[in-house]
Amino acid sequence: MAIVLSCHRGIGHSVTGTALVAADNFSARYDLDREKGVFSRPAHKLYGQSYVGRILVLRTAKGGVASAWMLREMVATGRAPFALLFNDVNPILAQGAAFGELPLLDRFTDGDVTTLISTGDELSVDPSAGRVTILNR
């Protein structure tokens with residue numbers, strides 16, 4: 001049975017994909033090797049794992065203005081996640097997701113998104129409706 005999670009209306013188009021989850025923060029600049037498509041900061045909980053073609057589910061965004069062009073570059077080179085889901089996100093990363101045409105959702109009303117969704121869950125993400133559906137666990 002599908003589980004529907006509600007959140008603030010997001011950015012971008014609807015996507016379906018597999019979740020990659022960590023109770024950690026996210027920086028496009030400091031956490032990723034954007035050429036290899038993996039988390040590269042050894043202290044990150046997803047260290048060594050590929051984010052390409054996954055729906056990333058993390059606590060919050062960190063970092064500055066470089067995130068905008070980095071997200072856009074990741075999408076343009078085909079080494080981007082399908083979507084970003086956060087408990088909360090800063091305006092800079094939201095602008096970067098919009099600039100990169102990368103779906104982004106935050107502010108889930110059901111609780112901590114990093115505990116509601118598990119790695120491997122198949123998700124349907126609908127930013128315009130502010131809804132994430134867990135299709136399969």
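Everything discussed here concerns the structure shown above.
Counting restarts for each chain: residues are numbered from 1 in the order of the written sequence. Note on the predicted model: pLDDT of at least 70 is required for a residue's local features to be given, and 80 or more for side-chain atom pairs to be given and counted; whole-chain, interface and lining totals, by contrast, use all residues. To obtain the side-chain values, all non-hydrogen atoms of the structure were used and water was disregarded.

Novice: So, helix α1 (residues 66-76): which residues are in play, and what are the values?
Specialist: Of the positions making up α1, those classed as buried are Ala-66, Ser-67, Ala-68, Met-70, Leu-71 and Met-74. Contacts made by the buried residues of α1 are with β3 (32-33), β6 (83-88) and α2 (91-100). A run of H or I in DSSP becomes a helix once it reaches four residues, and a run of E becomes a strand once it reaches two; helices and strands are each numbered from the N terminus. At the C-terminal side of α1, Gly-78 shows a positive phi close to 75 degrees. Throughout, exposure labels follow a simple rule: accessible area from a 1.4 Å probe, protein chains only, divided by the maximum for the residue type, with under 20% read as buried, over 50% as exposed, and the rest as partly exposed. By the convention used here, residues are in contact when the closest approach between their heavy atoms is within 4.5 Å.

Novice: Can you explain the pairing of strand β8 (residues 122-126)? Please cite residues and give values.
Specialist: Judged from the four bridges that link them, strand β2 (residues 15-21) and β8 form a sheet pairing that is antiparallel. Across the sheet, the residue bridging to Thr-16 is Ser-124, located in β8. Should DSSP find at least two bridges between two strands, the strands are regarded as paired. Here β8 folds back onto strand β9 (residues 131-136) in antiparallel fashion, the turn holding four residues, of which Gly-130 has a positive phi close to 65 degrees.

Novice: Provide a residue-level description of unusual backbone geometry, including the pertinent values.
Specialist: Of note in the backbone geometry, Glu-101 takes a positive phi value of approximately 55 degrees without being a glycine. Assignment of secondary structure puts Glu-101 in the loop between α2 and β7 (104-105). By relative accessible area, Glu-101 is classed as exposed at 58%. Although it is not a glycine, Arg-107 adopts a positive phi angle of roughly 60 degrees. Tracing the backbone through its elements, the reader meets Arg-107 in the loop between β7 and α3 (113-116). Classification of Arg-107 as partly exposed rests on a relative accessible area of 45%.

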